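Spelled out from the first residue to the last, the chains are:
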Amino acid sequence: MPIISATNLQKRYGALEAVRGVSFEIESGACVGLLGPNGAGKTTTMRMLMGLTRLSGGELKLFGRPVDGVARERRARIGLVPQDDNLDPDLSVSQNLHIYGRYFCVPEAELSKRVPQLLAFMQLEERGDSRVMQLSGGMKRRLTIARSLIANPDLIILDEPTTGLDPQARVLIWRRLLDLKREGKTLLLTTHYMDEAQRLCDRIIIIDGGEILAEGAPTDLIDRFVKGHVFEVQKPIPDGLLVGPAEYEDIGDSILFYTATPSQFAGGLPAGATYIHRAANLEDVFLRLTGRSLREG
Amino acid sequence: MLRTQPFNRYTWAVWRRQALVWRQLIWSSMATNVANPLLFLFAFGYGLGAVIDRIAGLSYLEFVVPGMMAYSAMFASSFETTISAYARFDLQRTWDAILATPVALSELLLGETVWAATKGMLSAISVLVVGWIWGGVPSTGGALLSLPVVALACLCFAACGLAATAHARSWEFFSYFFTFWVTPMFIFCGTFFEIDRFPSFVQWLAWLLPMSHTIAIVRPLMTGLPLDEGMAVIHIAYLLALTIAAFLLSVHRIGRRMFD
Ligand SMILES: Nc1ncnc2c1ncn2[C@@H]1O[C@H](COP(=O)(O)OP(=O)(O)OP(=O)(O)O)[C@@H](O)[C@H]1O
Ligand SMILES: [Mg+2]
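Residues numbered from 1 in each chain as written. Chains lettered and ligands numbered in written order. Predicted model: local features only at pLDDT ≥ 70, side-chain atom pairs only at ≥ 80, totals over all residues. Heavy atoms only, no water.

Q: So what exactly am I meant to see when it comes to the overall build of chain A here?
A: Across its full length, chain A holds 10 helices and 14 strands. Each principal axis of the C-alpha distribution contributes one length, and for chain A these read about 75 × 45 × 35 Å. Evaluated residue by residue, chain A yields a buried proportion of 52% over its 297 residues. Contacts in chain A between residues far apart in sequence, at least 24 positions, make up 69% of those at least 6 positions apart. Summed over all atoms, the accessible surface of chain A reaches about 13100 Å², with 49% contributed by carbon and sulfur. (Helix = DSSP H or I, 4+ residues; strand = E, 2+ residues; numbered from the N terminus. Buried < 20%, exposed > 50% of the residue type's maximum accessible area, 1.4 Å probe, protein only. Contact = heavy atoms within 4.5 Å. Areas by Shrake-Rupley, 256 points an atom, 1.4 Å probe, with all protein chains shown as cover.)

See below:
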């Protein structure tokens, strides 16, 4: 039984269609990445799952039950890491966890045990008495993740958990997310770092303009859309190459060729051609599907 | 949209969050909610008390203690669900965070409202105690009897403040709230003078404000002046109806702002 089953989800803000008919399922224990450019509708989709935004259309089942009228039960089993930190600035670090646990009616004795455990889990044990204002961005993010775990949720929804963090902090968060996955938690996350998605996620959903463009395991998507190998050939392009069998994409001063048979392709290149050959990655898939132009600003 | 929600454990969790933050900032909280009304009480008790001999058959101190008590309740409750609550709503996003838990919006807002009323009661009781020690409370029994009425009034002021917050788009909005809601209740509703000293259209407006109805019950109870029971029921009914209407309106408006 899927933990999330979304059918034709829609969200309109006035005339703007932020999400237009998104359908997907998430199995228990999976780690699924929701990728898309700025404004694609990722946060909106997550807020609909949480019941923080009303659906304009579509159907949503969580934990096998239609969400209508079970907002409380649903939220009790989901931990949310929102895109913008909303930690309680009036409280200390450990109070942030403790008080949040009360909103879930976690018993006090249980909270007194769990708060130090979670602080240690996110390497914040030294900062329990600090005010939230005194924390760095990375510490706030870790605290927000710790907070999402306070009621021991089955499903954790993370909206850009590592944006703006240094490599050390990202690695720590990755390790923790993998720990959670091993414990059998279901994870749904967004990120703009493709290496992160490739590393963490069993399955990727790419959305843009409020619609799903592609879905599948990272290696699947790479094979399907960018054939496994990329040759970036500098212009001018040697004659005959463009009419060959390889799919290609013009990115300005060079052309990207996608091929599943790299040695054959390299053999076909004339001597003196300037090119780079590398394994294709999720970033290639993402850019290929969502285009290369800037979305906002 | 609102399912009937009594004060349940989720509302209690919200109330306790507020109480914890209040305890941590106890001195500044005390300054605004206790010292401030007491300063008013001293100023008016001494200042005007020296000028005004008797009013409605009472010494001015006896007259003004119930007024100050109601005023301090009104100010503390209104402030908490406007300026303070708006910060949690808009600036700190505390409400967003709480709504991602099993706490429902109506429970969150009820917790806010009851907490604001708690602060209002704290202010009111401190004025009452000082007024009593000072000899400005002729009927101690009546004063105790007035406390449940003050509690209802606090809920009413808190709910009205919340309704304002539900419509606020920026901080500037609250200068209107204080100018056209809080200050008139301070001036026209019988805090320092009897309402019937004002021209009749002002009186008529004053009776729309919950403060007038609060003082109309609390003052007779605390001073031993006659209280018409029929009128008392009407005053209480008005406060109750306004509380419920303002609260439901708040839940509806804030729900639309947050979820749509
Ligand atoms: N409350 C709102 N009112 C009006 N429009 C909104 C609201 N929230 C989001 N939008 C719009 O909906 C669209 C999708 O926004 P959303 O926040 O879901 O994007 P996103 O994929 O999370 O982007 P990012 O990567 O920048 O976080 C955007 O065009 C955005 O401007
Ligand atoms: Mg987003």
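Q: Help me out: how do you make sense of the overall build of chain B in this one?
A: Of regular secondary structure, chain B possesses 10 helices and two strands. For chain B, the succession of helices and strands along the chain, N to C, is α-α-β-β-α-α-α-α-α-α-α-α. In terms of overall dimensions, chain B is globule-like: its C-alpha atoms have a radius of gyration of 18 Å, near the 18 Å expected for 260 residues. Once the C-alpha set of chain B is aligned to its principal axes, its extents read approximately 60 × 40 × 35 Å. Of the contacts formed within chain B by residues at least 6 apart in sequence, a portion of 80% connects residues at least 24 apart. Carbon together with sulfur atoms contributes 70% to the accessible area of chain B, which is approximately 11000 Å² in total. (Rg over C-alpha atoms; globule rule 2.2 N^0.38 Å.)

Q: When you look at the side chain of Thr214(B) in this model, what are you seeing that I'm missing?
A: Tracing the sequence through the fold places Thr214(B) in helix α9 (residues 210-223). In contact with Thr214(B), other than residues within four places in its own chain, are Ala70(B), Ala153(B), Phe157(B) and Leu239(B).

Q: Sorry, what's going on with the sheet that holds strand β13 (residues 254-259) of chain A here?
A: Each strand in a sheet pairs with its neighbour through backbone hydrogen bonds, running either in the same direction (parallel) or in the opposite one (antiparallel). Residue and element names in this part refer to chain A. Spatial strand order, β12-β13-β11-β14: four strands in an open sheet with antiparallel pairing. Of all the strands in the sheet, just β12 (247-250) and β14 (275-279) have a single pairing partner and so form its edges. Adjacent strand axes in the sheet meet at a mean angle of 20 degrees, parallel and antiparallel pairs treated alike. Strand direction decides the pairing type here: strand β11 (residues 229-234) and β14, joined by five bridges, are antiparallel. Each bridged residue has a counterpart across the sheet, and for Val233 the counterpart in β14 is Tyr275. Here helix α10 (residues 282-290) sits on the sheet and contacts β11, β12, β13 and β14; the angle it forms with β12, its principal contact strand, is near 70 degrees. (Pairing = 2+ DSSP bridges. Axes fitted to C-alpha atoms, helices over the stretch in contact; angles between N-to-C directions.)

Q: I would appreciate a short explanation of the coordination of the magnesium ion (ligand 2) in the present structure.
A: For a metal with four tetrahedral donors the ideal donor-metal-donor angle is 109.5 degrees, whereas six octahedral donors ideally subtend 90 or 180 degrees. Surrounding the magnesium ion (ligand 2) are the protein donor atoms Thr43(A) (OG1) and Gln83(A) (OE1), which sit 1.9 to 2.1 Å from the metal. You can see Thr43(A) sitting in helix α1 (residues 42-50) and its partner Gln83(A) sitting in the loop between β6 (78-81) and α3 (93-103), a full 40 residues away along the chain. (Donors = N, O, S within 2.8 Å, 3.2 Å for Na, K, Ca; no water.)

Q: So what exactly am I meant to see when it comes to the confidence of the model for chain B here?
A: When pLDDT drops low, the exact placement of atoms in the prediction is not to be read closely. Residues and elements named next belong to chain B. Model confidence for chain B is summarised by a mean pLDDT of 92, while 98% of its residues fall at 70 or above. Between the elements of chain B, mean pLDDT differs from a low of 81, seen in helix α2 (residues 26-51), to a high of 97, seen in helix α6 (residues 140-167). Interface confidence for the predicted complex, given as ipTM, is 0.91, next to a pTM of 0.93. (pLDDT = per-residue confidence, 0-100.)

Q: Whenever I open this one, the sheet that holds strand β2 (residues 16-27) of chain A confuses me. Can you help?
A: Residue and element names in this part refer to chain A. With antiparallel pairing, four strands are arranged side by side in an open sheet as β2-β1-β4-β5. Edge positions in the sheet fall to β2 and β5 (65-66), since each of these pairs with one other strand and no more. Taken together, the nine bridges between strand β1 (residues 2-13) and β2 define a ladder with antiparallel strand orientation. Residue pairing in the sheet places Tyr13 in a bridge with Leu16 of β2.

Q: Which parts of the structure should I look at to understand the interface of chain A and chain B?
A: You'll often see interface size given as the accessible area lost when the parts meet. Each partner contributes to the interface: chain A provides 28 residues, whereas chain B provides 30 residues. Taken over both partners, the interface formed by chain A and chain B buries close to 2500 Å², and the fraction arising from carbon and sulfur atoms is 53%. Counting the surface chain A buries against chain B, the share from its top three residues, Arg54(A), Arg72(A) and Tyr103(A), is 30%. Summed over the shared surface of chain A and chain B, the result is five salt bridges. One salt bridge connects Arg17(B) with Asp90(A), and the closest N-O pair in it is separated by 2.9 Å. The interface formed by chain A and chain B contains 10 residue pairs in polar contact (both at pLDDT 80 or more). Secondary structure elements with two or more residues in the side of chain A that touches chain B: β1, α1, α2 (71-76) and α3 of chain A. (Buried area = accessible area lost by both parts, 1.4 Å probe. Salt bridge = Lys/Arg side-chain N within 4 Å of Asp/Glu carboxyl O. Polar contact = N/O pair within 3.5 Å; in protein donor to acceptor, adjacent residues only side chain to side chain.)

Q: In this structure, what is going on with the pairing of strand β4 (residues 57-62) of chain A? I would like to understand it.
A: Residues and elements named next belong to chain A. Pairing geometry for β1 and β4, over five bridges, is antiparallel. Looking at the pairing, Ala6 lines up with Leu60 of β4. Of the strand pairs in this sheet, β4 and β5 are connected by two bridges, and their pairing is antiparallel. Bridging from a neighbouring strand, Leu62 pairs with Arg65 of β5. The hairpin formed by β4 and β5 contains two residues between the paired strands, and Phe63 there has a positive phi angle of roughly 50 degrees.

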